[in-house]
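Residue-level structural notes
Chain residues, written in single-letter form:
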Amino acid sequence: MDAELKQQYDDMGVEPSQDAVDRSVELCITYHIDDAAEFVEQWMAFSISHLNGAEPTIEHLNEFERKVFLAKREKELFAANKKKANKLPSAIANLTHLNAISASSANPLAMYGVEDDMIDDYMPDMIGAGTSSSITLDESETVPSTPSILHTPKAKSALARTPARHNDALFSPASYSPIGTPRTHTAAPGSGKVVYTFGNPTLISKTQWSLCTKPKIYVKQLLQHNGECLGMSSNGRYMFDSLREKAEIAGDRVFNIGRSLCQKVFGEDAEDYALAQVDVHSQDTIKTIGTIFSDYDGPLDPSSTLLVGSDEMSCRTVRLNFSKTKSVGVFPGQVVMVSGMNPKGDIFMVEELFTEQDLKPPTPPSIAEQLCFVIAAGPYTQDDDLVYDPLQDLVVYLKDHKPNVLILCGPFMEAEHKLISDNVTLAETFEIFFEKMITGIVEAVGGDTTILVVASHRDANTDCVYPTMPISLKKIFPNVRMLPDPSLIDLNGLTIGMTSTDILDHIFYNELQINAGDKVKRAVNYLLNQKSFYPLSPPKEDEMCYDSYLANKFTNIDQIPNILILPSSQKCFLRVVNGCLAINPGRLADCSGGTFARFIIDPPTPKGEQNIYNFVGCQVRKV
């Protein structure tokens, strides 16, 4: 744990003393925290919110314990007592409830319906603090800590409108109206709260999260084949790949990644080293390269993991045994090098696993002026309506905080949405509705913001194939750029990779991991070292139609970007992996309150350009 905490602190640009690290280890043990990344994330959120980004010291960590972990215990005790009270006879329960209300000043946030995880991570010092004078709801709005029982305040940034009928809903499709009693739109619990922060505290504290300059935005698509992007001319054809082509593509992939692994492991002698076949009998330690597969339809497990290799004549397989390895992290389709013995020829006893190449870090961005970004990912409406309340809430935020660049990742109108799949009758086509949606966003945000729209194979108005071609618009907007999924772009000297496909969730479902460390860093490393936006093979069949021919041309990560946008249903995150800032903004529409990401980037100075932490400020915020 000591080494893991040091590494996590270092990734965040923090250099604590050994005493501070020892105190951090003690806190992890005391409060049963096994993930060093989780502990450091909580510390960074606390430090930026309450200590102006101060370094961890014994004194600060003690304050951190008091206001986070001890406050959490008090809250859990309060909840446990309340649960016991609910089990009492009704008369006694009513009396207990009145007592709880009279003592509510000990836990004022309970009166606001603020979510438990939000209280734990970002407002711990408010819990049980009877002397606290105010509770922050927004950047500029506070309310007393002893509110009236009959009044529930709302965040200033929340959109208040009633009822949610079609005439009142800016983005709802024509002729659609919610079934049943019209509902009042209210702010989700924790609306407007920052739930994750990364980057230079000074930059974050000074930023207004809106464009302060209006530079001309230039966008160049870097994912090209023979000088063309996906969707241009004839390369937009799909479902033309044959089994022979799939086999050739898989073979080329093993060769290219295997060569890079050999260069990492053997150095200058890589060309002279002879690798063994995957199923060769050996009583001595050998090394071999192959692709990870499962011998049944389902996630990997220790008894189902195969290594597949080939020669000129046949395909060869061997079962892998990881009992001698300390740490394992593999997924189907991953090209790996293994070292070990195969005494019987049918089971390879793995002693060491090699999965990482020598990766060249990203080139520092060459932007000339400060840029502000907002990133949101679909779905943009709840799964039981087509009112698009979360999208309208985002537009309200964008009107007040106009960014230089707005990145919108699909899906926008899911084909699997309950109402769409049930054939709800609409008065307009999906294409017309989508164009109306983009028009509404452009009119609300204005022409100074460049809008990048990333397609999704889950949308009703796109071809359900991955890679997904950009969505076409009949109307041309000068500040709107339609992009395929995935995309790798150069934006004014800043390299950004983005996808709307939940590759992280697909990998986590299928992978085998034993003591493999931080799962987010592990998954992002998979993409970078396998040099693909979708290295999983076979793909998740119930989620997508995968075209190997197009993927071989338009899903490659040949250079590590400065920013990598990976929307996922997993918990939102901000992580630096191999010099790249990976961002999961979360989903804009979520039953517990949607989120989006915003970040600001300064031109890096020569002294600090090697660490993205020095010139980037990023936050994930509840809509």
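That block above? That's the structure.
Residues numbered from 1 in each chain as written. Predicted model: local features only at pLDDT ≥ 70, side-chain atom pairs only at ≥ 80, totals over all residues. Heavy atoms only, no water.

A separate point is the pattern of salt bridges. Side chains that differ in charge, positive against negative, can pair when their charged atoms come close. This structure, assessed with the given rule, holds 14 salt bridges. Among the salt bridges present, the one from Arg23 reaches Glu26, with a minimum N-O distance of 3.0 Å. Here the residue Arg23 and the residue Glu26 both occupy positions in helix α2 (residues 18-30), the gap between them amounting to three residues, near one helical turn. By relative accessible area, Glu26 is classed as partly exposed at 42%. Across the salt bridge formed by Asp518 and Arg575, the nearest N and O atoms sit 2.8 Å from each other. Here Asp518, found in the loop between β19 (512-514) and α13 (519-530), pairs with Arg575, found in strand β21 (residues 573-577); they are 57 residues apart in sequence, far enough to count as distant. Take Asp518: its relative accessible area is 10%, and that puts it in the buried class. Of the residues examined, Arg575 reaches a relative accessible area of 7% and is grouped as buried. (Salt bridge = Lys/Arg side-chain N within 4 Å of Asp/Glu carboxyl O. Helix = DSSP H or I, 4+ residues; strand = E, 2+ residues; numbered from the N terminus. Buried < 20%, exposed > 50% of the residue type's maximum accessible area, 1.4 Å probe, protein only.)

Another aspect to go through is the layout of surface pockets. Estimates place the volume of the largest pocket at around 1,600 Å³. As for the largest pocket, its lining consists of 50 residues, and the residues nearest its centre are Ala250, Gly251, Asp252, Arg253 and Val254. Counting residues per element, the ones that place at least two in the lining of the largest pocket are α8 (243-266), β7 (282-294), β8 (305-310) and α14 (548-554). Along the lines of polarity and charge, the residues of the lining of the largest pocket split into 24 nonpolar, 19 polar and seven charged. Here the second largest pocket is characterised by a volume of approximately 890 Å³. In terms of lining, the second largest pocket is formed by 34 residues, of which the most central are Glu356, Ala516, Gly517, Arg522 and Asn525. Mapped onto the lining of the second largest pocket, the elements with two or more residues apiece are α1 (2-11), α3 (36-50), β10 (328-330), β12 (347-354), α13 and β21. Considering every element that reaches the lining of the second largest pocket, the biggest residue donor is α13, with six residues. Here the residues of the lining of the second largest pocket sort into nine nonpolar, 14 polar and 11 charged. (1 Å grid on protein atoms, 1.4 Å probe; cavity = no way out; pocket = protein on both sides within 12 Å on 5 of 7 lines; lining within 4 Å. Points joined across faces, edges and corners; volume = space filled by probe spheres on them. Nonpolar A, V, L, I, M, F, W, Y, C, P; charged D, E, K, R; others polar.)

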